[in-house]
Each structure stands twice: as C-alpha cells, then as structure tokens.
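Here is what each chain is made of, one letter per residue.
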Amino acid sequence: MKRPHALLLMVSLAMVTQACFGASRTGLSPLVTELLGRMSLEEKVGQMTQISLELVCKGYPLTREPLEIDPESLRRALLEYHVGSILNVGSSAHTVQRWQELITTIQDVATKETRLGIPVLYGIDAVHGAGYTLGATLFPQHVGMAATWNPDLVHKEGQVTAYEVRACGIPWNFSPVLDIGRQPLWPRLWETFGEDPYLASVMARAYVRGLQGEDNCVNGADRVAACAKHYLGYSFPLTGKDRTPAWIPERMLREYFLPPFQAAVEAGVKTVMVNSSEINGIPIHASPYHLRDLLRGELGFSGVIVSDWADIKNLHERERVAASPKEAVRLAVMAGVDMSMVPLDYSFYDLLLELVREGAVPESRIDEAVGRILQLKEELGLFQDPYPPVENAKRFACAAHRQSALQAAWESITLLKNSGNLLPLSPGVKILVTGPTAHKRSSLNGGWTITWQGDREELYPKDTPTILEAIQAAAGREIVSFAPGVEVNREVDIKAAVAAARKADVVIACLGEDPYCETPGNISELTLPEPQLRLVAALAETKVPVVLVLVEGRPRIITSIADKAKAILMAYLPGAQGGQAVADILFGKVNPSGKLPITYPRACNDLTLYDHKYSENANSFNRYNPLFPFGFGLSYTSFAYRDLVLDKDRMRRGDSLSVSVTIQNTGKRAGKEVVQLYLSDLYASVTPSVRRLKRFAKVELGPGEERTVRFTLREADLSFIGPDNRPVVEPGEFAVRVGDLEKVFVFE
Ligand code: BGC
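Residues numbered from 1 in each chain as written. Predicted model: local features only at pLDDT ≥ 70, side-chain atom pairs only at ≥ 80, totals over all residues. Heavy atoms only, no water.

1. Considerations on the nonpolar core
Nonpolar side chains tend toward joint burial in soluble globular proteins.
Item 1. In terms of nonpolar packing, the biggest core is built from 186 residues, with Trp-99, Tyr-231, Leu-352 and Leu-548 touching the most fellow members.
Item 2. Ranked by residues supplied to this core, first place goes to helix H8 (residues 197-212) with nine residues.
Item 3. Sequence-distant contacts of Leu-352, that is, excluding residues within four places in its chain, are made with Val-45, Met-48, Val-329, Val-333, Val-361 and Ile-366.
Item 4. Among the nonpolar cores identified, the runner-up in size contains 33 residues, and Leu-415, Ile-431, Val-480 and Cys-510 belong to it. (Core = buried A, V, L, I, M, F, W, Y, C linked by side-chain atoms within 4.5 Å. Buried < 20%, exposed > 50% of the residue type's maximum accessible area, 1.4 Å probe, protein only. Helix = DSSP H or I, 4+ residues; strand = E, 2+ residues; numbered from the N terminus. Contact = heavy atoms within 4.5 Å.)

This is how it looks when you write it as structure tokens:
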C-alpha cells in the first residue's frame with residue numbers, strides 16, 4: 001500500500017486508535033493538536049483554501065479534454081499556497097481508474113513533497129450517485145428519492161454513493177441538499193427532498209447515515225463525509241431565480257427551513273455548506289448569527305463549514321456588503337466560514353494572510369478553522385492512507401448497486417392519473433412513443449451528471465436504456481414507433497407525430513425538461529413550454545389514448561393538457577435506470593407506489609402548498625386547488641383504511657400518543673401504499689396550518705391482505721414555532737388524520 005510522508009507516519013501510527021470519532025466529539029485529537037502546533041501561518045491559511053481541479057490542469061483557463069494535471073500548477077498550489085482542499089471534476093466525468101490516477105498524483109505531491117505531508121481533502125458533487133464518474137450507479141435525483149417515501153432506499157443510495165465515490169479516492173461528498181422545495185420555479189427544486197420539512201428530515205437522516213455509516217466512523221472504504229447544504233434558506237428566492245434574495249421571517253425559517261439541517265446535525269453530519277445567497281438582506285456567508293449562534297450554538301454543529309462557490313468573493317462582487325475583496329474575506333472568516341471554495345485563484349489565501357498579519361483576524365480563529373479541517377482529514381483516515389482504495393473498487397456499479405437504483409426509480413415514479421385503468425398496457429398494443437424526453441439519457445439524469453449541466457448527451461454510457469429503448473425492448477420493436485414531434489422548446493414535426501399516432505393504439509408522450517443545473521436553469525414561466533402543449537393537444541385530436549410521462553425537475557404546469565391525457569406518470573429525474581423503470585410501470589411489471597413530495601400546481605400563480613393556513617383554503621376564492629396534491633399517487637390496486645384508533649383522547653405533558661390504523665389492499669394485485677399521518681392543531685396562538693405531516697410508513701400488501709400500522713406521537717410533534725420564535729406546545733384540540741379517517745384528542 002502506498003504510504004504518506006514518513007514524519008507523519010510516525011505520528012499517525014501512534015494515533016490510529018484516534019481515527020474513529022463519534023458525532024459528539026468536542027476537542028481535537030493529539031495528532032491534530034501536535035500538527036497545528038508545528039504549522040506556520042501560511043500553512044494554516046492554505047488549509048482553509050479550496051481550489052477547483054481545473055486550476056491545476058493543463059490548458060487552464062480553457063478546459064481541455066482529456067484532462068491532465070499540470071505538475072507545475074499542482075506544485076504551486078500545494079507547495080507555495082499550501083492548499084488544503086480541491087474539488088470538482090475539471091472537465092467531464094472520468095473513469096474510476098482515471099480518478100484514482102488523478103487523486104494519486106495529487107496526494108503524492110501533498111504527502112511526499114510538502115513540509116508536513118498533510119493530505120489533500122478532495123470533495124465532489126455526487127448528488128444522485130457518483131455522477132462525475134463514468135458508469136457509476138445513478139439513482140433518481142433527490143426529489144424522486146423523496147417520492148419513494150422510503151428512507152431505506154435513501155439510506156441505500158447513501159451507501160452506494162459513498163462506496164463508489166470513495167472508490168475513486170474521494171472522501172467528501174457535497175450532498176445532501178437539505179433546502180426545502182417550497183418555490184417550484186427554483187431551478188434546484190429537484191435537488192431537494194420536496195416541500196415538507198418532516199419528510200426531508202427523515203430523508204436527511206437516512207442519507208447522512210448511508211454516506212457516513214451508522215457510527216459516523218468515516219474512516220472506511222465505503223464511507224465519505226456528507227455535506228448538508230445550503231445552510232440556510234437558499235431555496236426560497238422571492239423571484240424563483242437561483243441566487244437571488246429570500247425574505248424569510250425568523251418564525252418561518254425555524255418552522256420550515258431549519259429542521260432538516262437540525263436532523264442532519266443530530267445524525268452527525270461532518271460538514272455544512274453555506275447558502276450562496278441572502279435572507280432578509282443578510283448574506284449567510286457574512287452572518288455570525290446564522291453560522292455561529294444558530295448552527296454552532298443552538299444546533300451544536302462541530303464540523304467544518306465550507307463556503308459555496310466563489311461566495312466569499314461574492315460578498316464584495318455580487319452582494320455588496322463588503323467594500324473590498326479583503327473585507328469580504330474578513331467578514332466571512334469572522335462570521336464562521338472555515339474553508340473557502342475560492343476556487344479559481346489564490347486571492348483568499350493572500351488576503352487572509354494579510355488580515356491575520358494586520359491583526360484584523362486573530363490567529364486563534366485560524367486555529368479553530370484549521371483544527372476542524374485537520375480533524376476531518378484524520379477522521380476520514382487520510383493521514384493513515386490518503387490514496388484510492390484500489391483493491392476496493394470491485395463493487396463499483398455492480399449489479400446489486402444498479403438494482404438498488406432501479407428499485408428506487410420504480411418506487412419514485414408516481415401515477416397521477418389513470419382513466420379507465422388504461423395502464424398497465426396490455427401486451428401487443430401498438431405504441432407511438434413521442435416527445436422530447438423519450439430518447440435522451442441526459443433528461444433522465446439532470447444536472448451534476450457527467451458535467452455540471454448534465455447536458456452532454458453524447459458522453460452518457462449507453463448501457464442503460466432511454467424510455468424509448470426500454471419500451472421497445474418490453475413490447476417488441478415491431479409494434480413501437482417513434483416520432484419526437486417536438487424538442488423541449490421547439491417544434492420539430494408535430495404533423496408526423498400525429499400521423500404516426502393514427503396508426504397506434506396508444507401514445508406515450510414523454511414531456512418535460514432538458515437537463516439544467518443551478519442558475520442556468522432559471523425560468524420565468526412555470527408552464528410547460530408551448531410546443532409540448534401543442535403536441536399533446538394535436539395528438540389528443542386523434543382520439544388515440546395519450547399517456548403523459550413527465551421527466552422534469554420541477555412541476556411544470558400541464559393543466560391545459562391534463563384533461564386530454566388518459567394517464568399521467570410523474571417520473572421526476574429518475575436517473576440512469578429511469579427508462580427501464582418507466583417501461584416496467586407502463587407494462588405493469590411493477591405497480592407504481594410513488595407519492596408526490598411536492599404540490600403539483602394547477603396554475604403558475606397559484607403556488608399554495610399543502611400545509612397552508614386556513615385562510616388560504618377558506619372559500620371558493622381562496623382554495624388549495626392544485627392539479628395534484630402533496631402526498632398523492634395512484635396504484636394499480638386500491639387500498640382502504642379503517643379503524644383509526646388513538647390510545648387516549650387526552651394527552652398530558654410528557655405523554656406520548658399511540659395511533660393505529662388498519663389498511664387493506666382491496667384490489668387484485670400486490671402493491672405498496674404510503675400510510676401518511678397528518679396532524680392539525682385546531683387553534684393556536686400562531687395561525688395553525690391546515691395539516692402537517694408527522695409520520696409515514698410504506699407498506700406492501702398482497703391482494704386482500706391487511707395490516708395494522710402503529711405510530712407514536714410525542715409532545716414535540718405537537719409543537720410549533722410560537723410568538724417568541726421558540727418551539728411551544730399549547731393546550732387544546734388536535735386532529736389526527738390518516739387517509740380519509742380523522743380522530744380528535746385534547747392536549748392539556
Ligand atoms: C453549488 C453547490 C456545489 C458547489 C461545488 C456550487 O455552485 O451551489 O451546490 O456543491 O458549486 O460544485
């Protein structure tokens with residue numbers, strides 16, 4: 001096995017037993033303390049500096065493929081600037097072997113040529129599997145994972161991702177996104193676990209544990225450090241445009257946006273990335289309140305806080321709260337940012353050095369940040385062995401991993417409409433496949449896949465089918481025709497698609513979005529682009545039944561065509577196995593069980609969410625009237641609920657309440673149902689929501705089979721953020737709802 005610098009080896013061997021720390025650690029290990037004591041100011045400031053891979057590659061600033069490290073630039077970064085961390089892919093996805101070579105080259109210089117031999121902490125965005133590695137197992141994007149309502153699958157995704165990312169030699173994943181998806185225009189909605197804080201918190205816990213392991217001992221070949229991002233309030237820009245201001249009152253922030261981060265911290269998440277933008281005029285990168293008081297003080301987070309891309313600079317250049325780049329560095333570091341994702345120059349390093357030398361930033365603050373960074377490196381086992389676990393890459397994209405991704409895609413896909421039980425399709429029906437997402441792998445996967453935007457269709461491995469290919473394989477090529485009709489935003493030949501439809505028994509129209517990521521995905525209109533609406537309207541004229549398959553990262557408005565379609569499947573961004581999964585559901589090999597983790601709006605300007613206030617559903621003028629509500633999803637079988645029982649009708653402080661309900665599969669085939677428990681606080685000092693999700697369980701039942709599901713509610717489940725912005729539980733009546741059943745109890 002390749003080994004690091006001899007000097008460090010002596011220290012680290014003595015400290016091997018220190019390598020695995022639990023989430024509750026408070027101090028630094030002896031190794032880190034000893035190392036810190038020997039570091040120069042320059043070496044420390046370098047540790048806080050994170051650069052992007054392309055900066056040390058040949059050809060920079062032009063991207064060259066295939067990517068090659070420039071030894072001179074790498075030495076400059078590591079020997080002159082003492083850089084502690086590198087991120088990103090450089091150009092486009094690499095093979096595992098190439099990643100291993102790149103990481104080895106970097107760690108060779110870091111550990112053998114620098115004075116102290118401190119290994120580099122490499123970080124990557126692997127948000128639905130190792131998306132920057134060719135051939136990786138690619139799960140549905142997180143909005144789809146949330147639609148499974150199955151935390152075990154999210155946990156599995158974490159485990160598979162950790163294994164495949166670590167196989168590349170990368171120990172740090174910038175995932176999960178724990179922003180709450182309450183603004184459907186926002187181009188990162190698909191990176192979230194949807195609109196509900198409870199669902200997102202359950203998924204946050206499952207995913208962090210999947211990446212980091214139950215014991216948070218991340219020193220292993222199948223573990224990586226997670227990064228909860230983007231703390232806090234990033235997902236709710238008023239305009240819906242990425243990286244624009246959010247206005248979020250403190251009560252709302254704590255009620256909706258904070259809980260998933262709290263869940264991640266409780267699960268032991270090792271790192272947190274900061275919201276690129278601002279809340280109420282305060283950029284979070286410059287906010288001691290959010291970073292120190294709330295995150296560290298209240299939530300008790302003790303890991304590394306990393307900036308988002310260029311966002312310290314942005315305090316000067318974009319947000320304009322700092323009159324100079326240097327002031328921006330001072331503000332961010334003093335607010336609590338430990339590592340700067342600079343990432344394309346060394347300005348942070350130079351400016352921070354100046355600030356410390358001038359006394360504007362105390363060295364104690366530098367020690368605090370560097371201590372955390374080194375501690376993380378130690379916990380990740382990098383001092384013991386910073387190299388890729390070559391012999392451990394064997395399970396990369398193995399059949400079992402891919403099966404998990406397929407299972408997740410199956411369970412995510414949500415049947416929204418099925419008039420006259422058109423689906424599942426009978427064998428032998430003649431099919432026209434049409435629409436812009438029918439034959440594109442990039443549309444199934446979305447951003448952060450192969451490239452940042454995910455749009456290099458030609459680079460996608462062809463070993464998993466598009467929707468068209470999967471339908472052809474399932475039905476037989478001879479009875480499946482294809483005429484795309486339109487591109488996402490442009491008509492190609494609607495007439496040809498209509499002519500083909502006339503010869504078919506059923507039309508499968510695959511609609512949606514081309515891949516996008518972050519700000520380039522901004523839109524000013526939520527409605528599905530006009531050419532796609534025209535395509536479906538024209539197809540419907542033929543009277544041949546139309547099935548819509550929506551491949552999209554946010555709920556594009558389809559109201560004008562929803563009535564024209566006989567069936568609608570929401571596929572979200574189902575990942576590499578998505579084509580297969582859609583076909584399996586269309587033909588009934590799999591019974592759909594996904595439920596919407598977001599509200600699907602009926603109209604662009606009516607974006608009321610499921611947990612709205614009573615005034616928002618008060619009369620025929622103000623109604624929660626989405627096209628499909630949060631939590632909705634059909635099955636090829638039917639379920640009935642009965643016997644909702646509470647173990648008491650009066651609950652006192654400190655009590656818990658047991659709730660049971662019986663669910664029966666009343667149809668003819670096996671299926672999975674998500675039992676959802678909602679709580680309504682009927683009267684409260686802060687206007688209560690009509691309902692809030694509090695528990696859920698996914699159960700599988702054979703035809704006729706029934707099961708009694710039990711939940712326990714605790715006092716904290718009855719709480720809300722009160723008038724003084726603190727959680728409070730108030731006496732009064734509460735209603736428990738499961739399915740169409742309701743029971744009221746009193747809290748006294
Ligand atoms: C995104 C982050 C991401 C980072 C590194 C930023 O632009 O907002 O989510 O982790 O880039 O790629």
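2. What about the pairing of strand S16 (residues 506-512)?
Item 1. When you tally the buried positions in S16, you get seven out of seven residues, the bulk of the element.
Item 2. Alternating residues of S16 divide into Val-506, Ile-508, Cys-510 and Gly-512 and Val-507, Ala-509 and Leu-511, and every residue in both groups is buried.
Item 3. Bridge analysis of S16 against strand S17 (residues 546-551) gives six bridges, and the strand direction is parallel. Looking at the pairing, Gly-512 lines up with Val-551 of S17.
Item 4. Remark: the S16/helix H20 (residues 530-541)/S17 crossover connection has right-handed handedness. (Pairing = 2+ DSSP bridges. Right-handed = clockwise from strand over helix to strand, strands pointing away.)

3. Focus: the site of the ligand
Item 1. Not every one of the 13 residues close to the ligand is listed here, only the nearest: Asp-125, Arg-188, His-230, Asp-308 and Glu-518.
Item 2. Between the ligand and His-230, the relevant distance is 2.6 Å, taken from an oxygen atom to a side-chain nitrogen or oxygen of the residue.
Item 3. Note that an oxygen atom of the ligand is positioned 2.6 Å from one of the side-chain N or O atoms of Asp-308.
Item 4. Expressed as a share of its isolated accessible area of 310 Å², the protein-covered part of the ligand is 95%.
Item 5. Its residues assigned to classes, the shell around the ligand shows six nonpolar, one polar and six charged. (Near = heavy atom within 4 Å. Polar contact = N/O pair within 3.5 Å; in protein donor to acceptor, adjacent residues only side chain to side chain. Areas by Shrake-Rupley, 256 points an atom, 1.4 Å probe, with all protein chains shown as cover. Nonpolar A, V, L, I, M, F, W, Y, C, P; charged D, E, K, R; others polar.)

4. Quick word on the packing of helix H19 (residues 494-502) against H20
Item 1. Contact geometry of H19 with H20 gives a least axis separation of 9 Å together with a crossing angle of 30°. What the angle tells us is that H19 and H20 run roughly parallel. In the crossing of H19 with H20, the sense of the turn from one axis to the other is right-handed. Along its contact with H19, which presents Ile-494, Ala-497, Val-498 and Ala-501, the element H20 presents Pro-531, Arg-534, Leu-535, Ala-538 and Leu-539. (Axes fitted to C-alpha atoms, helices over the stretch in contact; angles between N-to-C directions. Parallel < 35°, antiparallel > 145°, perpendicular 65-115°, else oblique. Left-handed = near helix turned anticlockwise from the far one by under 90°.)

5. A closer look at the side chain of Asp-611
Item 1. By the secondary structure assignment, Asp-611 is in the loop between helix H22 (578-586) and strand S19 (639-646).
Item 2. Not counting residues up to four positions away in its chain, the partners in contact with Asp-611 are Arg-182, Asp-196, Tyr-256, Ser-689, Arg-691 and Arg-692.

6. Details of unusual backbone geometry
Keep in mind that most residues, glycine aside, have a negative phi and that most peptide bonds are trans.
Item 1. At the junction of Lys-229 and His-230, the peptide bond is cis and its omega measures out at 0° in the coordinates.
Item 2. Its place among the elements puts His-230 in strand S5 (residues 227-231).
Item 3. Omega for the peptide link from Leu-423 to Pro-424 comes to -5°, which places this bond in the cis form.
Item 4. Positionally, Pro-424 belongs in the loop between strand S11 (414-418) and strand S12 (431-434).
Item 5. Even without glycine at this site, Trp-448 takes up a positive phi of about 60°.
Item 6. For Trp-448, the position within the fold is in the loop between helix H17 (441-445) and helix H18 (467-475).

7. So, the sheet that holds strand S6 (residues 271-274)
Item 1. Read across the open sheet, the three strands follow the order S5-S6-S9; overall the sheet is parallel. Of all the strands in the sheet, just S5 and strand S9 (304-306) have a single pairing partner and so form its edges. Each adjacent strand pair in this sheet contributes to an overall mean axis angle of 25°, direction not counted.
Item 2. Bridging between S5 and S6 involves three bridges; their strand directions are parallel. What sits directly across from Tyr-231, in S6, is Val-274.

8. Some details on the packing of helix H13 (residues 325-335) against helix H14 (residues 347-358)
Item 1. As a packed pair, H13 and H14 sit with axes 9 Å apart at the nearest point and diverge in direction by 75°. With respect to H14, the axis of H13 lies roughly perpendicular. Taken together, the residues of H14 that come into contact with H13 (itself represented by Pro-325, Lys-326, Val-329, Arg-330 and Val-333) are Phe-348, Leu-351, Leu-352, Glu-354, Leu-355 and Glu-358.

9. Let's talk about the environment of Ser-656
Item 1. Within the fold, Ser-656 resides in strand S21 (residues 656-665).
Item 2. Residue classification places Ser-656 among the partly exposed positions, given a relative accessible area of 29%.
Item 3. Beyond its immediate sequence surroundings of up to four residues, Ser-656 is in contact with Asp-647, Lys-648, Met-651, Thr-712, Leu-713 and Arg-714.

10. A few points about the pattern of salt bridges
Pairing between side chains of opposite charge can happen when their charged atoms approach one another.
Item 1. In total, this model carries 59 salt bridges according to the counting rule given.
Item 2. Between Lys-595 and Glu-673 there is a salt bridge whose closest N-O contact spans 2.9 Å. Here the residue Lys-595 occupies a position in the loop between H22 and S19, and Glu-673 occupies one in strand S22 (residues 671-681), the gap between them amounting to 78 residues. Each of the two residues, Lys-595 as well as Glu-673, counts as buried.
Item 3. Here the residues in one salt-bridge network are Arg-188, Glu-191, Asp-242, Arg-243, Asp-308 and Glu-518, joined through shared partners. (Salt bridge = Lys/Arg side-chain N within 4 Å of Asp/Glu carboxyl O.)

11. As for helix H15 (residues 363-379)
Item 1. Given a rise of 1.5 Å per residue, 17 residues ought to cover 24 Å, and the 24 Å separating the end C-alpha atoms of H15 matches this to within 8%.
Item 2. Most of H15 sits out of view: 13 of its 17 residues are buried. (Expected span 1.5 Å × (residues − 1).)

12. Quick notes on the environment of Arg-320
Item 1. In this structure, Arg-320 sits in the loop between helix H12 (313-317) and H13.
Item 2. In sequence terms Arg-320 and Pro-283 are 37 residues apart; their C-alpha atoms lie 9.5 Å from each other.
Item 3. Apart from the residues lying within four places of it in its own chain, the contact partners of Arg-320 are Asn-314 and Leu-315.

13. Focus on the sheet that holds strand S24 (residues 706-714)
Item 1. Here three strands make up an open sheet; going across it, the order is S19-S21-S24 and the pairing antiparallel. Each edge of the sheet is formed by a strand with only one pairing partner; in this case those strands are S19 and S24. Between one strand and the next, the sheet's axes are offset by a mean angle of 20°, whatever the strand orientation.

14. Description of the confidence of the model for the protein chain
Item 1. Per-residue confidence for the protein chain gives a mean pLDDT of 95, with 96% of residues at or over 70.
Item 2. Scored below 50 in pLDDT, residues 1-26 shows 55 contacts in the model against residues more than four places distant or in partner chains. (pLDDT = per-residue confidence, 0-100.)

15. Examining the pairing of strand S23 (residues 692-701)
Here is the key point about a regular strand: its side chains alternate between the two faces of the sheet.
Item 1. Most of S23 sits out of view: eight of its ten residues are buried.
Item 2. The sheet contact formed by S22 and S23 spans nine bridges and is antiparallel. Its bridge partner lying in S23, Lys-672 is registered against Glu-700.

16. Quick look at H19
Item 1. For H19, the full list of buried residues reads Ile-494, Ala-497, Val-498, Ala-500 and Ala-501. Seen end-on, H19 carries its buried residues on one side only, within an arc spanning 160°. Structural note: H19 exposes Lys-495 and Arg-502 on the side pointing more than 90 degrees away from its buried face.
Item 2. For H19, the elements touching its buried residues are S12, strand S13 (480-482), strand S14 (486-487), strand S15 (490-491), S16 and H20. (Arc of directions from axis to C-beta.)

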